[in-house]
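Understanding the architecture of this molecule
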Amino acid sequence: MRIRNPLVMVPGPTPVVRSIQEALGRETISYNDPRLVADFSLLVDDLVKLWRCDGIAFVVAGSGTMAMEMGIANVAARNDKVLVCSNGYFGDRFADICSRKGFETEVLRAPRWGESVNIADVDAKLNEKKFGVICVTHIETSTGVEFPLREFTEMMRTSHPDTLVVVDGVASMGGVEFYMDWGVDVMLSCSQKCFGTAPGLCLLWASERALEKRKAMPRIAETYIDFEKWVPVMREPMKYWGTPAVNMIWSLCEAVRIIKEEGLENRSRRHRKYASAIRRSLAAMGFSMGADEKVAAPTVTVSLYPDNCGLDDAVFRGAVYGEGAHIAGCLGDFAGKGFRIGHMGNIDDNIVVSLIASIERACVKRGYHIEPGAGLGVLQRALIEE
Ligand SMILES: *Cc1c(COP(=O)(O)O)cnc(C)c1O
């Protein structure tokens, strides 16, 4: 066997390093054992401080989708109108969640897949009508588009300060620069993307304003994901609401320790460097990108097949898997036309080089004749440049 274990290069889960796996493999203790309580308290503290949150951070068992539900359920009042900015599949999922919960929901979509909703259009929409909450996707995993979050939060703070801002940061948190004090009320994420641990934890940061809004509302329909049920636990983790995922919490402690050691800014720079190197090497192999270059995301890339290259999507991705890298299929408008690469979390030069090498070998072996080294050469030069 030439490849023992293909690299996990899908947009979640991402590669889990040994020290995080060791945390997952520890002997499980009770959630109210003082040792777990101490670790959990420090974790919540770290999450609050690192991301400059004036409220609280929640760590609850579940996936990113549950974090989306938790985000909207706790800050949208019954009579609030909700505006969802959608750049693709996960933006549309957010709109579906909001409308199923019975909120009057409107969707502002990007002009086409691969572009981002325009900040000026959001501003115009909010001038036209009052919305209680606005939801945006920081990095849209289906298109590889990064929403200009900084520009957006500045616009919101100056022009629409009364509308609460909820951000799906599933594919960005812990990977690219962001701080709650930019003016975000709820930031949500999960464990298996940029944090680089196994799937299983939903993470959420709520501003003081978001917590107050929840407190002022009567009982909400949700129970497990109600802020009011979890706030006491996050403040004092010996308290009980739903049994915390003990080993996942330890794994997140280690993931956050790694983030602190590297530094958020360095981590962000590393992701942007790899993303640009990967895009350039794919382009050198003849692929085009799903996302416009000016909004291309640092953590995920959508790569589209060249016309008449003769590659069959499923067969090609199977071949890349056989060569050592697990990449994902595309969704929506891009389905069948290309593949998605997750390049987030604790990845390094070794991983990126092997990824591009696997893609290159699969191209040649499946009859798309490029010069071996065409992509790798460009990648190597990008990695040497810095
Ligand atoms: C992965 C992802 C989700 C969904 O997370 P799950 O853990 O699969 O439920 C939501 N939004 C974005 C942007 C994602 O990348």
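Source: prediction; values computed, not measured. All chains use their own residue numbering, which begins from 1 and follows the written sequence. Local features are withheld for residues below a pLDDT of 70 in this predicted model, meaning they are given only at 70 or higher, and side-chain atom pairs are given and counted only at 80 or more; totals for whole chains, interfaces and linings count all residues. The side-chain quantities take in all heavy atoms of the structure and omit both hydrogens and water.

**A short note on the packing of aromatic side chains**
Any Phe, Tyr or Trp ring, taking Trp's six-membered ring, that has another such ring centre within 6.5 Å forms a pair; planes under 30 degrees apart are called stacked, those over 60 apart edge-to-face, and the others tilted. One pass over the full model with this rule turns up 16 aromatic pairs. Aromatic side chains Tyr89 and Phe90 sit 4.9 Å apart centroid to centroid with 85° between the ring planes, which places their arrangement in the edge-to-face category. Partly exposed describes any residue whose relative accessible area lies between the buried limit of under 20% and the exposed limit of over 50%, with all areas from a 1.4 Å probe on protein chains only and scaled to the type maximum. Residue Tyr89 is classed as partly exposed on the basis of its relative accessible area of 33%. Of the residues examined, Phe90 reaches a relative accessible area of 17% and is grouped as buried. An angle of 75° between the planes, with centres 6.2 Å apart, marks the rings of Phe287 and Tyr368 as edge-to-face. Of the two residues, Phe287 is situated in the loop between α10 (264–284) and β11 (288–289) and Tyr368 in the loop between α12 (349–365) and α13 (374–385); the sequence distance between them amounts to 81 residues. Classification of Phe287 by relative accessible area gives buried; the value is 4%. Here a strand is any run of E in DSSP of at least two residues, a helix any run of H or I of at least four, and the numbering for each starts at the N terminus.

**Considering the sheet that holds strand β5 (residues 133–137)**
The strand order β2-β10-β9-β8-β5-β3-β4 describes an open sheet built from seven strands, whose pairing is mixed. A strand with exactly one partner marks an edge of an open sheet, and here the two such strands are β2 (56–61) and β4 (104–109). Within the sheet, the average angular offset between the axes of one strand and its neighbour, ignoring direction, is 20°. Inspection of the sheet shows strand β3 (residues 81–86) paired to β5 by three bridges, in the parallel sense. Within β5, the position partnered with Val84 by the bridge is Cys135. Here a residue-residue contact requires only that any non-hydrogen atoms of the pair lie within 4.5 Å. Here, axes are lines fitted to C-alpha atoms. For helices the fit covers the stretch in contact, and angles between N-to-C directions go from 0 to 180 degrees. In the packing of helix α4 (residues 89–100) onto the sheet, the strands contacted are β3, β4, β5, β8 (164–168) and β9 (186–190), and the crossing angle to β3 comes to about 165°. Criterion used throughout: strands pair if DSSP finds at least two bridges between them.

**Here we look at the packing of helix α3 (residues 64–75) against α4**
Viewed as axis vectors pointing N to C, α3 and α4 meet at an angle of 50°, and their least axial separation amounts to 10 Å. The orientation of α3 relative to α4 falls into the category oblique. Crossing hand, α3 versus α4: right-handed. Residues Thr65, Met68, Glu69 and Ile72 of α3 lie in contact with α4, whose contacting residues are Phe90, Arg93, Phe94, Ile97 and Cys98. Residue composition of the contact of α3 with α4, grouped by class: six nonpolar, one polar and two charged. Roughly parallel here means an angle under 35 degrees, roughly antiparallel means over 145, roughly perpendicular means 65 to 115, and every remaining angle is called oblique. We call a crossing left-handed when the near helix sits turned anticlockwise from the far one by less than a right angle, and right-handed when that turn is clockwise. Gly counts as polar in this scheme, as do all residues outside two lists: the nonpolar Ala, Val, Leu, Ile, Met, Phe, Trp, Tyr, Cys and Pro, and the charged Asp, Glu, Lys and Arg.

**Quick look at the sheet that holds β11**
One open sheet accounts for four strands, arranged β11-β12-β15-β14; its pairing is antiparallel. A single partner strand is all that each edge strand has here, and the edge strands are β11 and β14 (328–329).

**Structural notes on the domain arrangement of the chain**
We note that the domain assignment places domain 1 (7–14 + 264–385) and domain 2 (18–262) within the chain. Averaged C-alpha coordinates put domain 1 and domain 2 at centres separated by 28 Å. Across the boundary between the two partners, domain 1 contributes 30 residues, which contact 32 residues of domain 2. When two parts are put together, the accessible area they lose, computed with a 1.4 Å probe and summed over both, is reported as buried area. Note on domain 1 versus domain 2: buried area summed over both sides is about 2600 Å², and carbon and sulfur give 54% of it. Among the residues domain 1 hides against domain 2, the three largest losses belong to Leu264, Arg267 and Val295. Together they make up 24% of the total. The rule for a salt bridge is simple: a side-chain nitrogen of Lys or Arg has to be within 4 Å of a carboxyl oxygen of Asp or Glu. Across the contact surface, domain 1 and domain 2 share five salt bridges. Arg270 is the partner of Glu262 in a salt bridge, and the nearest nitrogen-oxygen pair spans 2.6 Å. For the side of domain 1 that touches domain 2, the secondary structure elements donating two or more residues are α10 and β12 (300–304). Take the side of domain 1 that touches domain 2: its biggest share by element is eight residues, from α10. Taken together, the residues that form the side of domain 1 that touches domain 2 break down as 13 nonpolar, ten polar and seven charged. In this entry, domain limits derive from an automatic or database-based domain assignment.

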